[in-house]
Amino acid sequence: MTASTSSGTTTGKLRVLVTDEIDPQGVELLRAEPSFIIDERPTRPWRDLLPEIGQYDAVVGRSATQMPAEFLRAAKRLRVIGRAGVGTDNIDLREATALGIAVINAPSGNTVSVAELFFGVTLSLVRNLPRAFSSMRAGRWDRSDLIGTELQGRTLGIVGLGRIGGEISMRANAFRMRVVAYDPYVQRERFDVLRVECARTLGELLQQVSIVTVHTPLTDETRGIIGARELAQLPRGAIVVNMARGGIVNEADLSAALASGHIGGAALDVYSKEPLAADSPLRTMDNVVLTPHLGASTAEGQRNVAVDVCIDVREALLSGAFSGAVNLAGVERERWQELQGALVLARQSAAIARALLCDRGAPSVEQVTVHVGKEFSGADGLVTSAAAEGMLAAITGDDRINLINARARATERGVALATVPLPSPDDAHAVRVSMRGNGESITVGGVAVPNAAPRLTRIGDFKVDVAPRRTLLVLTNADVPGVIGRVGTVLGDAGLNIAEYHQARMTQGGNALAAISLDANVTEAVRDKLMSLRDVRSATAINFGDAPGDPPSETSA
């Protein structure tokens, strides 16, 4: 049987569309890569892009260019979308994931910009600066009517203690404010490091603060998290700030609370619908500061997010590094490098297991269980994605099977995926893939030690020790003299260089297995010659490709 696929790796140069006025410093990073062609275009309606989007391998933009499902389906070569900013609301994330398109954002580049804007608008509110500006322009001198208050001594409540929430907390400490935060997804140690009190619930936070600011993503869980009930829990005269995402604070409820006098002021930079409607009651209130989504709008912020996202897009295209992808269970950039051996091992082990199952007459896979050593804990999902990719890549005929969509595609095919930790210290760097189908099962795995090539140590019941290179040839044969020499002769006559040859057996004179690492692909003709040898029972060659991300193909019998 033979099967092969293409991973979507484009021969020749890779084409990148840059739009939405990305900062030139980021664009220059892409232009400096000789294998890229960069087309810089002004923002256009997405339908105008449909005739040409199919020629691009990546798109880098901001929020102006909408990318709905129809747009993504037309982008036949698209592998990466880079969003120079935090939000991805303009991208159909579900469809991108299904198509195997990595969506990469820049969550930290505008951190300082947003944190500084928070204090700018908050100080404007407590010092009545908007009213002061208006009165001075009108020729008045309303000094006695513009008495403000200080930030020092106030209690600030932060909902979401991530990057921006953390930056705000540090600056609030400099203002000598008391800071309380609520974030159920952050470890207690972070609160201690930032000198922030930890609220157990949102209600507990709201009841004790005079200023509350939200810094969470917009999800089903956070949508409307600050509504009428939560606003009522705030002390009378409190200030509400939203510089995260529109919709986290219910604007209608906030308007009502401001009109009643229970909420003393608000500062909004984001809105559930942008631009904010001209007839919004928020526009007419003296105790509200409104800005048109300026959080990241500093020269430094735009440069930082452009540089960050362009670096990640470049690495994703060149090496398949998806550490910045929001539609993949991600890890930090440094950890990503540490995990490369484990990902390669999981991908190769699954490809080998699937090919050998097929060799036994079980081409339909039902279950894949990935056993992961403790050194890879926290990245279990990523390792399982790599195993799913290895299982599917040689059989789907789909050029977009990758870490982004492999698990979803496996589930669509009825394959049950599971991850099991390996508790033994001896297995700390181990990855094993157990696969079952049509009543047959097999386990393939090995070890991935940092700074060393991953090595296979088990194929079925046989213990081996070999590092797969371009191709792994797996033979089963009778344990009799002469087989190794005859196999070597066939491979040598075909011009195939043997990197490693590991022969394993269960008992003398019984069944044996050879794991042979080769520097070139095994053709169907070579496999036929191997199968014609006396005492050779099966021959399966898994060609792993030239580069990371290339899919395996197989030749087996």
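Scroll up to find the structure this text is about.
Cut-off values and rules
Throughout this document, residue positions are counted from 1 along each chain, in the order its sequence is written. Restriction of local features to residues with pLDDT of at least 70 applies here, the model being predicted, together with a cutoff of 80 or more for giving and counting side-chain atom pairs; totals for whole chains, interfaces and linings are based on all residues. Excluded from the side-chain calculation are hydrogens and water; included are all heavy atoms of the structure. Numbering of helices and strands runs from the N terminus, with a helix taken as a DSSP run of H or I at least four residues long and a strand as a DSSP run of E at least two residues long. For every residue, the accessible area (1.4 Å probe, protein chains only) is compared with the maximum for its type, and the residue is labelled buried under 20%, exposed over 50%, or partly exposed between those bounds. Pairs of residues are marked as contacts when any of their non-hydrogen atoms sit within 4.5 Å. Each accessible area is a Shrake-Rupley result for a 1.4 Å probe, and residues are judged covered by the shown protein chains and nothing else. Neither His nor the chain termini are counted; the positive set is Lys and Arg, and the negative set is Asp and Glu. A single reference atom marks each charge: NZ on Lys, CZ on Arg, CG on Asp, CD on Glu. Note on aromatic contacts: the rings of Phe and Tyr and the six-membered ring of Trp form a pair at centre separations within 6.5 Å, being stacked when their planes are under 30 degrees apart, edge-to-face when over 60 apart, and tilted otherwise. To define axes, lines are fitted to C-alpha atoms, for helices over the stretch in contact only, and angles between the resulting N-to-C directions are given on a 0 to 180 degree scale. Roughly parallel refers to an angle under 35 degrees, roughly antiparallel to one over 145, roughly perpendicular to one between 65 and 115, and oblique to any angle outside these ranges. Two helices crossing with the near one rotated counterclockwise from the far one by less than a right angle form a left-handed crossing, whereas a clockwise rotation gives a right-handed crossing. In this count, Pro and Cys sit with the nonpolar residues alongside Ala, Val, Leu, Ile, Met, Phe, Trp and Tyr, while Asp, Glu, Lys and Arg are called charged and the others, Gly among them, polar. By this definition, two strands are paired if DSSP reports at least two bridges between them. The salt bridge criterion pairs a side-chain nitrogen of Lys or Arg with a carboxyl oxygen of Asp or Glu, the two atoms within 4 Å.

Asker: Requested: an account of the overall build of the chain, with residues and values cited.
Answerer: Helix and strand content of the chain: 17 helices and 24 strands. Projecting the C-alpha coordinates of the chain onto the three principal axes gives extents of approximately 105 × 50 × 35 Å. Per-residue burial over the chain gives 53% buried out of 557 residues. At a minimum sequence separation of 6, the contacts of the chain that also span at least 24 residues come to 64%. With an accessible surface of roughly 24,800 Å², the chain has 50% of that area assigned to carbon and sulfur atoms. Side chains of the chain carry 58 positive and 63 negative charges; the gap between the two charge centres is 1 Å.

Asker: Break down the environment of Val344 for me, citing the residues and quoting the values.
Answerer: Structurally, the position occupied by Val344 is in helix H13 (residues 333-359). Measuring from C-alpha to C-alpha, the distance between Val344 and Val444 comes to 13 Å, with 100 residues separating the pair along the chain.

Asker: Any chance you could break down the packing of aromatic side chains for me, citing the residues and the numbers?
Answerer: Taken as a whole, this structure holds 2 aromatic pairs when the rule is applied. Where Phe118 meets Phe119, the ring centres are 4.9 Å apart and the plane angle is 85 degrees; that geometry is what we call edge-to-face. Given a relative accessible area of 6%, Phe119 falls into the buried group. Joined through ring pairs, the aromatic side chains of Phe118, Phe119 and Phe175 make up one cluster.

Asker: Before we move on, could you go through the packing of helix H16 (residues 483-493) against helix H17 (residues 524-531) and cite the residues and values that matter?
Answerer: Running from N to C, H16 and H17 cross one another at 160 degrees; their axes reach a closest spacing of 10 Å. As far as their axial angle goes, H17 and H16 are roughly antiparallel. Judged by the sense of rotation from one axis to the other, the crossing of H16 with H17 is right-handed. In contact with Val487, Val490 and Leu491 of H16, H17 contributes Val526, Lys529 and Leu530. Looking at the contact of H16 with H17, its residues break down into 5 nonpolar, no polar and 1 charged.

Asker: Quick one: what's the story with the sheet that holds strand S16 (residues 430-437), residue by residue and with numbers?
Answerer: Read from one edge to the other, the open sheet built from 6 strands follows the order S15-S14-S16-S17-S18-S19, with strand pairing classed as mixed. Among the strands making up the open sheet, the edge pair consists of strand S15 (416-422) and strand S19 (462-466). Here the strands of the sheet are splayed against their neighbours by 20 degrees on average, with no regard to which way each runs. Pairing of strand S14 (residues 367-373) with S15 involves 7 bridges; the strand directions are parallel. In the strand pairing of S15, Gln367 is matched with Ala416. Set on the sheet, helix H14 (residues 380-392) makes contact with S14, S15 and S16; between it and S14 the angle comes to about 135 degrees.

Asker: Explain the pattern of salt bridges residue by residue, including any values.
Answerer: Within this structure, the stated rule accounts for 28 salt bridges. Linked by salt bridges that have partners in common, Arg455, Asp465, Arg469 and Glu500 make up one network.

Asker: Break down the sheet that holds strand S9 (residues 197-198) for me, citing the residues and quoting the values.
Answerer: The 7 strands are arranged S9-S8-S7-S10-S11-S12-S13 in an open sheet whose pairing can be described as parallel. Both outer strands of the open sheet, S9 and strand S13 (288-290), are each paired with one neighbouring strand and no more. Relative to strand S10 (residues 211-214), strand S7 (residues 155-159) is paired through 4 bridges, and the arrangement is parallel. By the bridge assignment, Ile158 is partnered in S10 with Thr213. Sitting on the sheet, helix H7 (residues 163-174) touches S7 and strand S8 (178-182), and the angle it makes with S7 is about 170 degrees.

Everything listed is a geometric property; what it means functionally is a separate question.
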